[in-house]
Each structure stands twice: as structure tokens, then as C-alpha cells.
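# Summary of structural features
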Amino acid sequence: MHGRVKIKSTAQQEEEKRKEKEKKLKAFVSARDAVLKKRSAGEHDEEALQLTRQLLSSNPDFATLWNYRREVLLHLETLREKDEVQKLYESELHFIEACLKVNPKSYGCWHHRTWVNTRLPQPDWTRELGLCDRCLSLDERNFHCWDYRRVVVKASGVSVEQELQFTDRLIGSNFSNYSSWHYRSTLLPQLHPQPAPDSAPNTKYELSHNAFFTDPNDQSAWFYYRWLLGRAEREEMISCVYVSREGERVSVAFSKPLCKVYNMYSLFIHTLMHKIFNCLCQLCDLPPGSISDMSNEHNLTIHWTEKHTHRDCNLDDLHVCVCICGRSELSVEKSSVLQAELQSCNQLLELEPQNKWCLLTIILLMRALDPLGHEKETLAHFQTLKEVDPMRSTYYSDLCSKFLIENTILKMEYAEVRVFSLSNKNLTTLCHLDQLLFVTHINLSSNQLLRLPPHFAMLQCLEVLEADDNAIENLEGLYHLPKLEEVSLRNNRILFSKKSKCFIRNCFSGVKSQCLVWPCFKDSVFFIN
Amino acid sequence: MGTQVKDVVIKPEAPNTLLLDKHADYIAAYGSKKDDYEYTLSEYLRMSGIYWGLTVMDLMGQLSRMNREEIIEFIKSCQHDCGGISASTGHDPHLLYTLSAVQILSLYDSINVIDVDKVVDYVKGLQQEDGSFAGDKWGEIDTRFSFCAVATLALLGKLDVINMDKAVGFVLSCMNFDGGFGCRPGSESHAGQIYCCTGFLSITGQLHKVNADLLGWWLCERQLPSGGLNGRPEKLPDVCYSWWVLASLKIIGRIHWIDKAKLRSFILACQDEETGGFADRPGDMVSSLWNCHIQFCICIYILHVISLGLAILYTELIILCGTFLPVLYISIQVDPFHTLFGVAGLSLLGDEQIKPVNPVFCMPEDVLQRIGLQPDLLN
């Protein structure tokens, strides 16, 4: 019978293994000791190369030996003519290639090869590219090889187009190709740097689209596609500006914390410049009186110099100006491309109703096209997602919460009272608080929130908070809300810390001038620590 | 015909309780038989090996079983004139082992047995023009080394000696389309590198530069049906990724995106009930014969290169991949590396039998509190 291998008894097998290992160990130790002895004697000769060759072939991660080898080679360089040096290092390349055959994933081997090419009088980049091709044909995911390839490409001036074609070939072979998609993601921006939001070269979707249609479980293509969809989105640095002439207040909310300031950035209001020194804050309150001399002005422009961005505000009769970044409008061209993509994905979903990648991508496409119009469908898809991919339910819940918050922000109306209401929506997380700077009333009741995060402090205009029936443990977000008047937190899980008790006490004792209603106490579930 | 999902199957007999005492015994005895084959062959990473062993023992509350004096003397003998520290005597200094040594001495609260100023000079001297760090004087660049550099300096309270802006700039230039990070600019995202880069950004106070939602998604997609985590798409799960992926998620505030129960089961299944210790994957000590009378015995000695590039371990693994033949494991070998990361992963998942572990430094939280280091984590 073919393929039958005798399996020896365990005891015998163990003993043979043990003897074998003992033998190997002895050989290793004596070779190692010989090499290290030679090195401490400062000997940089052929014998050193031989001894290290022996050891490195089967122990390529023994880094010190590569170092020794380099010392020997550098020394030999000084003794030889240029053409001999060429030969010396070419033979070194052969040796490294032999090592790579045994272990194609040794950092030491690849680095040594990179180093050798810096010493070679005449490196042969074509040969090196060939080595990469061969190595990648054996293991397309070998990141050492990909990194080495990038070195070779850079040194030899291979074109971006050529490399894109290379990735095309690899992706076409339809097998474990995340590394190729990744490489594409670095090559494409070299050809097409940051596309304008309304540009729509539909060929860019084609490759990944074809890939996941051929194999809907090929996750790499879906990851890449998600990147393409998000690529043209521009994130605004300034989320919100709130101006109150009466309150003499100008607050600017940023979408991200400001950089730790090693240089200073500037915020200009109209023509007046205010230097911002704060680190890691997202909300800037300008000093009172910043706009006092602008009583006759009706327009206000805020410039943020780090990103050369600005916001224009119109001061209305109420002397309150609110402006937030809107979504960038889709061009007709882009819209129709995305519409076609959505249609195809829906067709795929009919064939593969349990395919989570498809479901998620459809959600993302719908959001790109019309988040409000597709809200109901989106929620249904999220439900399906949680069923077909339960390990990631918390991710989907958080993502869904984020999209619901975005939709609510889109629907908000700006009047004297500005209400943000998202109750009973299975919210698991809060985000985009920087865009709620001016909200006066918030209703988050009947959700699954665990906390009011520190970023809640962005809600500088908040007067009324309703957040009953959640699982909130922490009140930290409430400590710095200057306008807060009414709070309802029934049926939560508030852990009363020293700080939170102090906060509540101050509220009741009237240290704060507002009247704080706290109807939750007797109904709350709370733990005292 | 679609792409097969590479994964393992956890057998019902796999361990499902935490065998801490066995692991402590395993580590305590490890290295006492100095003529052990694997032990000798891994000499080139000895300093890291010691760090792994000591850290896991400390997490289990068993640090006192290790030979403190011997280890401290060993470390002293490994500091070179340049200030850098090597993996073992006679080996060359490197950032990897310099960090491990400083971590060990921090555990033992004995940092001053080495010349600290020289260590600082050594680390500083490895920073390049573009902000990156070389591992040693031979110039290999890798974001792992950026992490080693700032972690070392943070433990010594000397972060201010390097060019922080450039260091941060370099690491950020390694951020990819998927929100992850690779070794160098342009390198593919990999969980080990992501751990190093998020750890780096935490130490340097720059976590807000991470796209936490995007990266968090990529990281939670590392979880496979078996519950285990892989290091990048289409790869097999490995217990060490339970650390690198999980710690990264913790740092960026998205650890709740993992199915914790399933991961815990996977990690526990990687224990070896006989010898103690954890292996990279769940194992089965007995070779079972298939009922079709064909015994395939493909012995592949796979040199398992762990992402931090620190270990080659001999794993005897027999893999039969295919539609009809599920993965078949013969004997698998445990090691201190996987033992640490299995235990540390369980700690991050909230196991109360284990001390809390710091996700940035992979050291007990109480040690870092003593030093006064509390790196930022995202909410």
C-alpha cells in the first residue's frame, strides 16, 4: 500500500529523538564556541566565514553571527580589488539565498541581503527582483519579501505602473492576496494623489468588485473596497462654531484633539488672531471680549491655520451663530457609480444572504449615497449582521449607534431650542459629541449606554439631559457643563465616587446658580463605593 | 469553490480550566536543564526569554521562585561598552534585549545595577534622521524598534532625549489603508507591529492619531470561528496574537469588540496539561489514524518565527488541510513565549486569578504604578 509509514512505538521513538537531539546539540555547541572564540580573538578570515556559514544555515536568527560575518566581509573588502569584492558579495548573495530556502522568514537573512546590496560595487536589481518574484510565488504573504521588493523597486526605479501590473497578476491568481491589495493601496495614491470628493474614476472599484464577486469570501477585496469608499471622504477639522454675542462667547469644537503642541497653531477670528496653546483638547473657548468690538459685524470667519481650513458664520438676529460641517455633496457622476455598485452588491446578497462582508458593504454604500433615506434598511441589515456574525455583534452595535447619531445630527433643526433625541435605539456608544456643541436638550433614554464619556464636556450649551434606562456607571461627563439645569438618570448603574457625590452635593446646595432637578435618586439602582 | 477559512478545531477534550500551578512549575523549571536542545538554540534571545518567564511568574504571583541574583548578574554581564545590552554573554547588543533587560530590572526594582546613562545614550544614538530607530549599529529599521526605544526610555524616565516629533512622524508614516501598521513605511499591517505602534503612540501621547474605529474593526476581524486570533487576514490563529491583538484593542479602547468567552476557550485549549505551559495552538498528544487506512505522515519542521522576531521554536506540526481531512495535530510544544502571552491575554480578558497586566508594556500594572508610569489608553 502506498504512503504507509511505520509509526514506531512511543518509547523507542522518544529515545531516538532524544539521541538525535543530543547529537545535534553537541555539534551546535562546539561550532558556536569555536566561532565566538575566534571572534573574541579578533580574527576576520575565511575560516570565520566557513564556521558562521555552517551555523547560520540552520540558525539564521542567531543575529550576532550575521554581525560577525559583516565584520569579516568589511575587513576582506579592504584587502581586495573591486572585481574581487564584487565576487565576494555575489557569493554572499548565493549563501543568503540558500538560507532563505530553509527559512524564508528570517529577519536576519533579509536584512543581511539588503546590507550586501549596499556593499556591492554593482548590484544587480533585476536579479533581486527575480528573487522576489520566485519567493512570492512560493508564499504570496511573505511580508519580508514584499518589504525587500520595495527596497529593490526604489533602488532600481521600477515604475509604479509596472508594480500595479504585478499586483494585478497576483490578485488574478485568486489566492490569499491581502499583501497585493495592500501594495496597491500604497501604489494607487502615487498615481492619483488624494482624489477630490466628487471625482469618480469607476475603474478603481472594478478590480476589487470583480474579486469579491468571483469569491465573496475573499476578505482582502472587501477590506480594500471599504478603503476605496472612504478614500474621498474629507474629514473636517472644525466641527462646530458657537457664537453668542450676548454671552460674549466664541467656542470652536474640533473633530479631533489638537496636536500636542510643539509648534503653535493659530485660530483667526475675522482678522484677530488668537494663539492656541492647548494640547489634546477638542474645544476651544476664546477669551471673553474676543468679539466685543464686532457689534456691527454680521459675518464671522474662523480660520484654523494648521490645516488651512475655515468656517463662515452668519450672525442672526438672535445673535447666536451655529455652523457645523455638512456632508460634502456627491456629484451626479459619483452618485450613479455608487448606485450601480449598490445594485450589484444587492444582487450578490440575494445569492449569498449570509455573507457578512456583503451586508456591511451595502450598509457603507447606502450611507455614502443617502444615509437618511436608507436608515430603515440599514438597521435591518445590522440586525442580520449580528445574526450571521455574532462574534462581532458589539462592533456592529457600536457602528450602528454611530450611524444613528450621524443621522440624527443631519436631521437636527437649529432654533432657540436645539434638541437631540435618540431614545430607544439600542445605542451602545456615543460619538460625534464635537458636533453637539450647541445642543440644549438631549434625550438618550432607553438605550444601552455604559457611560457618559469625558467628551460629554463638549456639550457646552446643554440644559436638559434625559438618560433614563441605560447602564450608565459613570457621571464624569457631567462635571463641566455650565448650562446644565435638569438631569434625569433613572434606572442606571451609577457608581457613586467621591467626586460624583461632591458634584451632586454642590448642585443641591446651590453653589451652582442653576436649579438642578435630580428625580432619579429613589428610582436609581446604584452602588456606593 | 470559495476560499477556505484557515482555522483550527478545538477538540472537546481540550483543557478548559486555567492550570496556573502547572504553568508556574513549568517556568520555574525551564532553563534549569541547560543542556536542553531548544533552550540552547534560543540563546540568541535569552534576555527576552528571561523577561517572558519572569513576567508570567510575576503575573501569577510566583516571581519569588526565580533566581533574582543570578539573573541580575547575568544582565550586568550583558551590558556592552556602548551602553547597549545583548541577549546573552558573547552576543552583540541590540535594542530588543536592551528593552527586555530594562523590563526585568524594573520588575526587580534594580535598575541601577546597570549604567543607565549609557543605556539612554545607546538608545538615543539609534535614532535616524527620519525619526526611525535602528535595532543596532547595523541599521535594520523597524517600528518594533521605535517601540523598544520609547518603552525603554519611558521605564527609565528619559523620554525627552529623543526627537519626539520625528519619531512620531515616522511611526505615523507606517499607517496603512486599513488603519494598521507595518514594519516600515509601505509594509503590510501585522498585529505584532500594530501592538508596537499603538504602544508607541500611547507612550508618546499620540493615540488620537489612530483611526480607532477602522483599526479596531481590522483587529476584531482577527478572531476566527475557533475563537482564536490570527495576526493578519487568512492566517492561522496563534495564542501570541491573543496578546498583540488584544493589547492593541485595549490600548485603542475597543477590546469589547472581541468575543471574550470564545477567545478565553481558545487560550485555555492551548495549555499542555502534562507539562504545563502554553503552545501556539491547541494540541492533541495522540496521533489518530484515519478510517480510510491511509496514514499521512508529513513531518514538517516548521521554524516558527514569532512576530517580534525573537524566537525560533521547533514545533512538530502535522497539517492536513483540505475539504475532507480536518487539521490533525500531533505533539505540540509549549514554550515560555506563548505561556506569557496566553496568561497575559487571560489577564486582559479579566481573569481574576492573574494580576492585572499593562497592555502597553506587558508588565504587571503594580510594577508600573511603582515606577509611576500610566500611559494613555483611548476610551
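All residue numbers refer to position in the chain's written sequence, counted from 1. Numbering of ligands from 1 and lettering of chains from A proceed in the order in which they are written. Predicted model: local features are reported for residues with pLDDT of at least 70 only, side-chain atom pairs are reported and counted for 80 or more only, and whole-chain, interface and lining totals are derived from all residues. Calculation of side-chain values draws on the structure's entire complement of heavy atoms; hydrogens and water are dropped beforehand.

Per an unreviewed UniProt entry, chain B carries the name Geranylgeranyl transferase type-2 subunit beta and comes from Cyprinus carpio. UniProt positions are given in the numbering used here, feature names are shortened, and annotations may be inferred rather than shown by experiment. Per UniProt, chain B has the following entry under Sequence similarities (unreviewed entry): "Belongs to the protein prenyltransferase subunit beta family." UniProt annotates chain B under Catalytic activity (unreviewed entry) with the comment "geranylgeranyl diphosphate + L-cysteinyl-[protein] = S-geranylgeranyl-L-cysteinyl-[protein] + diphosphate".

Chain A is annotated in an unreviewed UniProt entry as Geranylgeranyl transferase type-2 subunit alpha from Cyprinus carpio. Recorded in UniProt under Sequence similarities (unreviewed entry), the annotation for chain A is "Belongs to the protein prenyltransferase subunit alpha family." In its Catalytic activity (unreviewed entry) section, the UniProt record describing chain A reads: "geranylgeranyl diphosphate + L-cysteinyl-[protein] = S-geranylgeranyl-L-cysteinyl-[protein] + diphosphate".

With that settled, consider the overall build of chain B. Summing up its helical and strand segments, chain B has 14 helices and two strands in all. A simple rule labels every residue: compare its accessible area, found with a 1.4 Å probe on the protein chains alone, to the largest value its type can have, and call it buried under 20%, exposed over 50%, or partly exposed in between. Considering chain B as a whole, with its 379 residues, one finds that 66% of them fall into the buried category. Relative to all contacts within chain B whose residues are 6 or more apart in sequence, the contacts with residues 24 or more apart total 69%. Within the structure as shown, chain B displays about 13400 Å² of accessible surface, and the carbon and sulfur contribution to it stands at 53%. Numbering of helices and strands starts at the N terminus; helices are DSSP runs of H or I of at least 4 residues and strands are runs of E of at least 2. Working rule for contacts: check all heavy atoms of both residues, and any pair within 4.5 Å makes them a contact. To be clear on the numbers: accessible area is Shrake-Rupley with a 1.4 Å probe, and residue cover counts the displayed protein chains and nothing else.

Attention now goes to the overall build of chain A. When helices and strands are counted, chain A shows 16 helices and 14 strands. For chain A, long-range pairs separated by at least 24 residues make up 55% of all intrachain contacts whose partners lie at least 6 apart in sequence. When the accessible surface of chain A is split by element, carbon and sulfur atoms take 51% of a total near 26000 Å².

The residue Glu221 of chain B is located in the loop between α10 (212–220) and α11 (239–251) in this model. Setting aside chain neighbours within four positions, we find Glu221 of chain B in contact with Phe223, Lys356, Trp357, Asp389, Arg392 and Tyr396 of chain A.

With that settled, consider the packing of helix α12 (residues 332–351) of chain A against helix α13 (residues 356–369) of chain A. Residue and element names in this part refer to chain A. Structural elements are reduced to axes, namely lines fitted to C-alpha atoms, with helices fitted over the stretch in contact, and the angle between N-to-C directions of any two is expressed from 0 to 180 degrees. Contact geometry for α12 and α13: axes closest at 10 Å, N-to-C directions at 155 degrees. Overall, the two elements α12 and α13 adopt an arrangement that is roughly antiparallel. The two elements α12 and α13 cross, and the hand of that crossing is left-handed. Where α12 approaches α13, its residues Ser335, Leu338, Gln339, Glu341, Leu342, Cys345, Asn346, Leu348 and Leu349 are matched on the opposing element by Cys358, Leu359, Thr361, Ile362, Leu365, Met366, Ala368 and Leu369. Angles below 35 degrees are treated as roughly parallel, those above 145 as roughly antiparallel, those between 65 and 115 as roughly perpendicular, and all remaining angles as oblique. Whether a crossing is left-handed or right-handed is set by the direction in which the near helix is turned from the far one by less than a right angle, anticlockwise for left-handed and clockwise for right-handed.

Geometry of aromatic contacts follows a simple scheme: Phe, Tyr and Trp rings, the Trp one being its six-membered ring, pair when their centres are within 6.5 Å, and the pair is stacked under 30 degrees between planes, edge-to-face over 60, tilted otherwise. Within the structure shown, the criterion is met by 35 aromatic pairs over all chains. Ring centres 6.3 Å apart and planes at 25 degrees place the aromatic pair Trp243 of chain B and Phe341 of chain B in the stacked group. Taken together, the residues Trp243 of chain B in helix α11 and Phe341 of chain B in helix α13 (residues 336–348) connect sequence positions 98 residues apart. Just as Trp243 of chain B is buried, Phe341 of chain B falls in that class too. Chaining the aromatic ring pairs together yields one cluster made of Tyr178, Trp181, Phe223, Tyr224, Trp227, Trp357, Tyr395 and Tyr396 of chain A together with Phe177, Trp217 and Trp257 of chain B. Its guanidinium or amino end placed over the ring of Tyr107 of chain A, Arg144 of chain B lies 4.0 Å from that ring's centre, counting from NZ or CZ. Only when the NZ of Lys or the CZ of Arg is both within 6 Å of the ring centre and within 35 degrees of the ring normal is a charge said to sit over the ring.

We define a salt bridge as a contact between a side-chain nitrogen of Lys or Arg and a carboxyl oxygen of Asp or Glu at a distance within 4 Å. Counted by the stated rule, this structure contains 44 salt bridges over all chains. Among the salt bridges present, the one from Glu14 of chain A reaches Lys17 of chain A, with a minimum N-O distance of 3.7 Å. In this pair, Glu14 of chain A and Lys17 of chain A both sit in helix α1 (residues 10–40), three residues apart, roughly one turn of the helix. Judged by relative accessible area, which is 43%, Glu14 of chain A ranks as partly exposed. Look at Lys17 of chain A and you get partly exposed, because its relative accessible area is 29%. Here Glu69 of chain B ties to Arg68 of chain B by a salt bridge, and the two come within 3.8 Å at their closest N and O atoms. Look at Arg68 of chain B and you get partly exposed, because its relative accessible area is 30%. It is possible to trace a salt-bridge network through shared partners that takes in Lys38, Glu43, Asp45 and Glu47 of chain A.

Residues and elements named next belong to chain A. One requirement defines pairing of two strands: DSSP has to find at least two bridges between them. Across the sheet, which stays open at both edges, the four strands sit in the order β9-β10-β11-β12 with parallel pairing between neighbours. Pairing within the sheet leaves two strands with one partner each, and these edge strands are β9 (419–421) and β12 (486–488). Averaged over all neighbouring strand pairs, the angle between strand axes comes to 5 degrees, with direction disregarded. Here strand β11 (residues 464–466) runs beside β12; their pairing, made up of three bridges, is parallel.

Under the feature "domain: Prenyltransferase alpha-alpha toroid" (unreviewed entry), the UniProt entry names residues 18–287 and 333–363 of chain B. Helix makes up 42% of residues 333–363 of chain B and strand makes up 0%, while its end C-alpha atoms are separated by 24 Å.

The next point concerns the interface of chain B and chain A. Taken together, the contact between chain B and chain A spans 68 residues of the former and 66 residues of the latter. Two parts placed together each lose some accessible area; with a 1.4 Å probe, that loss summed over both constitutes the buried area. Among the residues chain B hides against chain A, the three largest losses belong to Trp138, Phe177 and Trp217 of chain B. Together they make up 15% of the total. If you look at where chain B meets chain A, you find eight salt bridges. The residue Lys356 of chain A makes a salt bridge to Glu221 of chain B at a minimum N-O spacing of 2.8 Å.

Residue and element names in this part refer to chain A. Its location among the elements puts Arg249 in strand β2 (residues 249–254). With 237 residues separating them in the primary sequence, Arg249 and Glu486 have C-alpha atoms 22 Å apart. Beyond its immediate chain neighbours, meaning those up to four positions away, Arg249 contacts Tyr242, Val243, Ser244, Asp285, Gln460 and Pro482.

What follows deals with the confidence of the model for chain A. Any region with low pLDDT has predicted coordinates that should not be read closely. Per residue, pLDDT measures the predictor's confidence, with a range of 0 to 100. For chain A, per-residue confidence averages 83 on the pLDDT scale, and residues scoring 70 or more make up 79% of the total. Overall, residues 1–5 of chain A carries pLDDT values under 50, and its contacts beyond four positions in sequence, including any with other chains, amount to five contacts.

Okay, empty space enclosed by the protein next. Definitions used for this entry: grid spacing 1 Å over protein atoms alone; cavity, a set of points where a 1.4 Å probe fits but cannot get out; pocket, an open set with protein on both sides within 12 Å along at least 5 of 7 lines; lining residue, one with an atom within 4 Å of a point. Grid points are joined across faces, edges and corners, and a volume is the space filled by probe spheres set on the points. Considering all chains together, one arrives at eight cavities of 30 Å³ or more under this definition. The volume enclosed by the largest cavity comes to roughly 270 Å³. Together, 19 residues line the largest cavity, and Ala63, Tyr107 and Gly108 of chain A together with His94 and Glu140 of chain B are the ones closest to its centre. Only α3 (63–79) and α5 (107–119) of chain A together with α5 (95–107) and α7 (143–156) of chain B provide two or more residues apiece to the lining of the largest cavity. Polar here means any residue outside two lists: the nonpolar Ala, Val, Leu, Ile, Met, Phe, Trp, Tyr, Cys and Pro, and the charged Asp, Glu, Lys and Arg; Gly therefore counts as polar. Taken together, the residues of the lining of the largest cavity sort by class into nine nonpolar, five polar and five charged.

Now for the pairing of β2 of chain A. Residues and elements named next belong to chain A. In terms of burial, β2 is a largely internal element, six of the six residues being buried. Where burial is concerned, the two faces of β2 agree: the one with Arg249, Ser251 and Ala253 and the one with Val250, Val252 and Phe254 are both buried. Sheet topology places strand β1 (residues 238–244) next to β2; six bridges connect them, and they run antiparallel. Looking across to β2, one finds that Val243 is bridged to Val250.

Turning to the packing of helix α14 (residues 375–388) of chain A against helix α15 (residues 393–411) of chain A, a few remarks are in order. Residues and elements named next belong to chain A. Two elements in contact, α14 and α15, have axes whose closest approach is 9 Å; the angle formed by their N-to-C orientations is 170 degrees. What the angle tells us is that α14 and α15 run roughly antiparallel. Contact with α14, carried on its side by Glu375, Leu379, Phe382, Leu385 and Lys386, involves Ser393, Tyr396, Ser397, Leu399, Cys400, Phe403, Leu404, Asn407 and Lys411 of α15 and no other residues of that element. Its residues assigned to classes, the contact of α14 with α15 shows eight nonpolar, three polar and three charged.

Glancing now at the environment of Asp469 of chain A. Residues and elements named next belong to chain A. Checked against the element boundaries, Asp469 lands in the loop between β11 and β12. Residues Asp469 and Asn424, 45 residues apart in the sequence, show an inter-C-alpha distance of 9.2 Å. Apart from the residues lying within four places of it in its own chain, the contact partners of Asp469 are Ser446, Asn447, Arg490, Asn491 and Asn492. Of the polar contacts made by the side chain of Asp469, one reaches the side chain of Asn491; its length is 3.0 Å. Under the rule applied, a polar contact is a pair of N or O atoms within 3.5 Å (in protein, one hydrogen donor and one hydrogen acceptor; residues adjacent in sequence only if both atoms are side-chain atoms).

With 13 residues, helix α11 (residues 219–231) of chain A should reach 18 Å at 1.5 Å per residue; the first-to-last C-alpha distance of 18 Å fits that figure. Counting buried positions along α11 of chain A yields 12 of 13 residues, so the element is predominantly enclosed. The length a helix should cover is 1.5 Å for every residue beyond the first.

Moving on to the state of the cysteines. We call a pair of cysteine sulfur atoms a disulfide whenever their separation is within 2.5 Å. Tallying each qualifying case throughout the model produces zero disulfides over all chains. Residue Cys197 of chain B stays outside any disulfide, its sulfur separated by 6.0 Å from that of Cys174 of chain B, the closest cysteine. Cys220 of chain B takes part in no disulfide bond, and the closest cysteine sulfur to it belongs to Cys400 of chain A, at a distance of 15 Å. Residue class for Cys220 of chain B comes out buried when judged on its relative accessible area of 0%.

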